[in-house]
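Per-entry structural report
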Amino acid sequence: MSVPVVAHPLGWIVLGAAGFLAYKAGKKAGKKAEEDIARTSLSDRVIKGAMKAAYKTQKGVSEGLGKAKEKCGTLWEEARTEANATSD
């Protein structure tokens, strides 16, 4: 004849201990998952910051080259006009 686990005080202790251990294991796993998410988002933020800095640098260089191109283009046109005027 078997006695149900919940009918005996020792059974309640075993069930309580098992429940507590399951709770602690779940809590530990949840904390580890949160740390992994935080670690991932930190790396994402670092990569995003590096990409943003590279974009700003590229934009600045492009603007500088555009201004230099305008300046040199104007000088080229002036030199060409002067050369045509003197050869006529």
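Keep in mind the model is a prediction, meaning the values are calculated, not measured.

Conventions adopted
Residues numbered from 1 in each chain as written. Predicted model: local features only at pLDDT ≥ 70, side-chain atom pairs only at ≥ 80, totals over all residues. Heavy atoms only, no water. Helix = DSSP H or I, 4+ residues; strand = E, 2+ residues; numbered from the N terminus. Buried < 20%, exposed > 50% of the residue type's maximum accessible area, 1.4 Å probe, protein only. Areas by Shrake-Rupley, 256 points an atom, 1.4 Å probe, with all protein chains shown as cover. Patch = residues over 30% accessible without salt bridge, like charges linked within 9 Å, V, L, I, M, F, W, Y side chains within 5 Å. Salt bridge = Lys/Arg side-chain N within 4 Å of Asp/Glu carboxyl O.

The subject of this paragraph is the overall build of the protein. Per the secondary structure count, the protein includes one helix and zero strands. Burial status across the protein gives 1% buried among its 88 residues. Put simply, the protein shows about 8,100 Å² of open surface, and 67% of that area lies on carbon and sulfur atoms.

On the surface, a cluster of nonpolar side chains totalling about 310 Å² of accessible area is made up of Leu10, Ile13 and Val14. Leucine 10 sits in the exposed class, given a relative accessible area of 53%.

None of the figures reported here should be taken as evidence of function without further support.
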